Amino acid sequence: GDLDKVVNLLLSLSGRLARVETALGSLGPHAPAEDKLALREKQQLLVAQLEDAKELKEHVGRREEAVGAMVARYLPPEHLQDYQHFVKMKSALIAEQRELEEKIKLGQEQLRCLRESL
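Residue positions within a chain follow its written sequence, with the count starting from 1. Where totals are concerned, whole chains, interfaces and linings use all residues; where local detail is concerned, this predicted model gives features only for residues with pLDDT of at least 70, and gives and counts side-chain atom pairs only at 80 or more. Side-chain measures here rest on the full set of heavy atoms in the structure, leaving out hydrogens and waters.

### Some remarks on the nonpolar core
Part 1: The set of buried Ala, Val, Leu, Ile, Met, Phe, Trp, Tyr and Cys residues whose side-chain atoms join them within 4.5 Å is what this entry labels a nonpolar core. Only protein chains enter the area calculation, which uses a 1.4 Å probe; residues under 20% of their type maximum are buried, those over 50% are exposed, and those in between are partly exposed. One finds L10, L13, L46 and L50 to be the most contacted residues of the largest nonpolar core, which totals 14 residues.
Part 2: Every helix listed is a DSSP run of H or I at least four residues long, and every strand listed is a run of E at least two residues long, numbered separately from the N terminus. At the level of elements, α1 (2-26) and α2 (33-74) are the ones that each hand at least two residues to this core.
Part 3: Ranked by residues supplied to this core, first place goes to α1 with eight residues.

And the structure:
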């Protein structure tokens, strides 16, 4: 459960940071200084939060290793391999699910914009 939460947090923060950086990059030279300052402050905050989330992921990784060592004492080798594969794939699947959800959201937004333009 903690792995799910940390991976979702990392993906969320990364996405938000990317959007802020895109917004910063799209500001023209005549954009109000307050807008630029607000976006830069948000960017700094998100970078700090992302670093904290990475530390949390490392902590969860260390706990995962400790649990894996305990599980290894009780499971036969073939079941242990299944367990290890499950743990590795879980993060990848969470990331893939989040990516697909973002693509769906983007597609829905594009459809909405197209409908409005018609």
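What follows continues from the structure just given.
### Comments concerning the domain arrangement of the chain
Part 1: As far as domains go, the chain holds domain 1 (1-74) and domain 2 (77-117).
Part 2: Distance from the C-alpha centre of domain 1 to the C-alpha centre of domain 2: 17 Å.
Part 3: Only heavy atoms matter for contacts: two residues are in contact if any of them lie within 4.5 Å across the pair. Contacts between domain 1 and domain 2 engage twelve residues on the former and nine residues on the latter.
Part 4: Carbon and sulfur atoms make up 64% of the area that domain 1 and domain 2 hide from each other, which totals about 910 Å².
Part 5: Buried area adds together the accessible area that both of two parts lose upon being put together, with accessible area traced by a 1.4 Å probe. Contact with domain 2 buries surface across domain 1, with L3, D4 and L11 losing the most and accounting together for 36% of the total.
Part 6: By definition here, a salt bridge exists when the distance from a side-chain nitrogen of Lys or Arg to a carboxyl oxygen of Asp or Glu is within 4 Å. Our enumeration of links across domain 1 and domain 2 arrives at zero salt bridges.
Part 7: Any pair of N or O atoms that falls within 3.5 Å is considered a polar contact. Within protein, one atom must be able to donate a hydrogen and the other to accept it, and sequence-neighbouring residues count only if both atoms are side-chain atoms. Linking domain 1 with domain 2 are one residue pair in polar contact (both at pLDDT 80 or more), by the criterion used here.
Part 8: Put simply, the parts of the chain that give the side of domain 1 that touches domain 2 at least two residues each are α1 and α2. Domain extents, as shown, originate in an automatic or database domain assignment.

### A closer look at the pattern of salt bridges
Pairing is possible between side chains of opposite charge, provided their charged atoms come close.
Part 1: For the structure on display, the rule yields five salt bridges.
Part 2: Linking K54 and E51 is a salt bridge whose minimum nitrogen-to-oxygen distance equals 3.8 Å. Of this pair, K54 and E51 both sit in helix α2, separated by three residues, roughly a single helical turn.
Part 3: On the accessibility criterion, K54 (39% relative accessible area) is partly exposed.
Part 4: For the salt bridge of R112 with E116, the shortest nitrogen-to-oxygen distance reads 3.0 Å. Placement of the pair is R112 and E116 together in helix α3 (residues 77-117), with a separation of four residues, close to one helical turn.

### Points about the environment of K36
Part 1: You can see K36 is positioned in helix α2.
Part 2: On the accessibility criterion, K36 (22% relative accessible area) is partly exposed.
Part 3: Considered as a pair, K36 and L24 are twelve residues apart in the sequence and their alpha carbons are 6.8 Å apart.
Part 4: Apart from the residues lying within four places of it in its own chain, the contact partners of K36 are L24, L27, G28, P29 and A31.

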